[in-house]
Amino acid sequence: MTTIYIDPSKKKEQIVKLSDGTYGVMTAMKEKGGLAYKFSFTAQLHPNFLMTHAPIDGDVENVHSIDGEQRFKIQWLSKH
């Protein structure tokens, strides 16, 4: 499972770091049911995906792609 580190104070768009050292972008998008969050990754290791609800600390997302299922855990960046 790969962890995506998110800053909960940034609601619209942010660069996210993954536990394997790669990066991506999380972008809020307006959908019929409210906001959805698109995750796009710079490395070809992970599939891009859309989360139809707000990210929650500790949440696990199962993403299906042509390379099989990947699991992503959401973790808030801690404020030091």
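The structure we're discussing is the one just above.
Let me sum up the structure you'll find in this document. (Residues numbered from 1 in each chain as written. Predicted model: local features only at pLDDT ≥ 70, side-chain atom pairs only at ≥ 80, totals over all residues. Heavy atoms only, no water.)

1. What about the pairing of strand S4 (residues 34-41)?
To keep things clear, this is the line we draw: In this description, strands pair whenever DSSP reports at least two bridges between them. Secondary structure elements are defined from DSSP: runs of H or I of at least 4 residues count as helices, runs of E of at least 2 residues count as strands, and each element is numbered from the N terminus.
Examined bridge by bridge, strand S3 (residues 23-31) and S4 share eight bridges and lie antiparallel to one another. Along S4, the bridge assignment pairs Met29 with Ala36. Taken together, S3 and the strand that follows it, S4, pair antiparallel across an intervening segment of two residues. The pairing of S4 with strand S5 (residues 49-51) spans three bridges and is classified as antiparallel. By the bridge assignment, Tyr37 is partnered in S5 with Met51.

2. Quick look at the packing of aromatic side chains
Given two aromatic rings, one states the distance between the centres and the angle between the planes to describe the pair. Where we set the bar: Note on ring pairs: Phe, Tyr and Trp rings are taken, using the six-membered ring of Trp, and paired if centres are within 6.5 Å. Classes follow the plane angle, with under 30 degrees stacked, over 60 edge-to-face and the rest tilted. Relative accessibility decides the category of a residue: with a 1.4 Å probe and only protein chains considered, values under 20% of the type maximum give buried, values over 50% give exposed, and everything between is partly exposed.
Summed over all chains, the structure comprises four aromatic pairs. For the pair Phe39 and Phe49, a centre-to-centre distance of 4.9 Å together with 15° between the ring planes defines the contact as stacked. Here Phe39, found in strand S4, pairs with Phe49, found in strand S5; they are ten residues apart in sequence, far enough to count as distant. Owing to a relative accessible area of 8%, Phe49 belongs among the buried residues under this scheme. Pairing Phe41 with Phe49 gives two aromatic rings, centres 6.1 Å apart and planes at 35°, and the pair type is tilted. Here the two residues Phe41 and Phe49 agree in accessibility, since each one is buried. One aromatic cluster is present, built from ring pairs that chain together Phe39, Phe41, Phe49 and Phe72.

3. Observations regarding the side chain of His46
Cut-off, in case you're wondering: Polar contacts, as counted here, are pairs of nitrogen or oxygen atoms within 3.5 Å of one another; within protein the pair requires one atom able to donate a hydrogen and one able to accept it, and residues that are adjacent in sequence qualify only if both atoms are side-chain atoms. When checking whether two residues touch, look at their non-hydrogen atoms; a contact exists if any pair is within 4.5 Å.
Within the element layout of this structure, His46 appears in the loop between S4 and S5. His46 sits in the buried class, given a relative accessible area of 9%. Side chain to side chain, His46 and Asp20 meet in a polar contact 2.6 Å long. His46 has contacts with Thr2, Leu18, Asp20, Thr22, Phe41, Gln70 and Phe72, leaving out every residue within four places of it along the chain.

4. Observations regarding the sheet that holds S5
Quick reminder of the rule: The axes are straight lines fitted to the C-alpha atoms, using for helices just the contacting stretch, and the angles between their N-to-C directions are given from 0 to 180°.
Pairing in this open sheet of seven strands is mixed, and the strands run S5-S4-S3-S2-S1-S7-S6 from one edge to the other. If you trace the sheet from one side to the other, it starts and ends with S5 and strand S6 (60-65), each paired once. Each neighbouring strand pair of the sheet contributes to a mean axis angle of 30°, computed without reference to strand direction.

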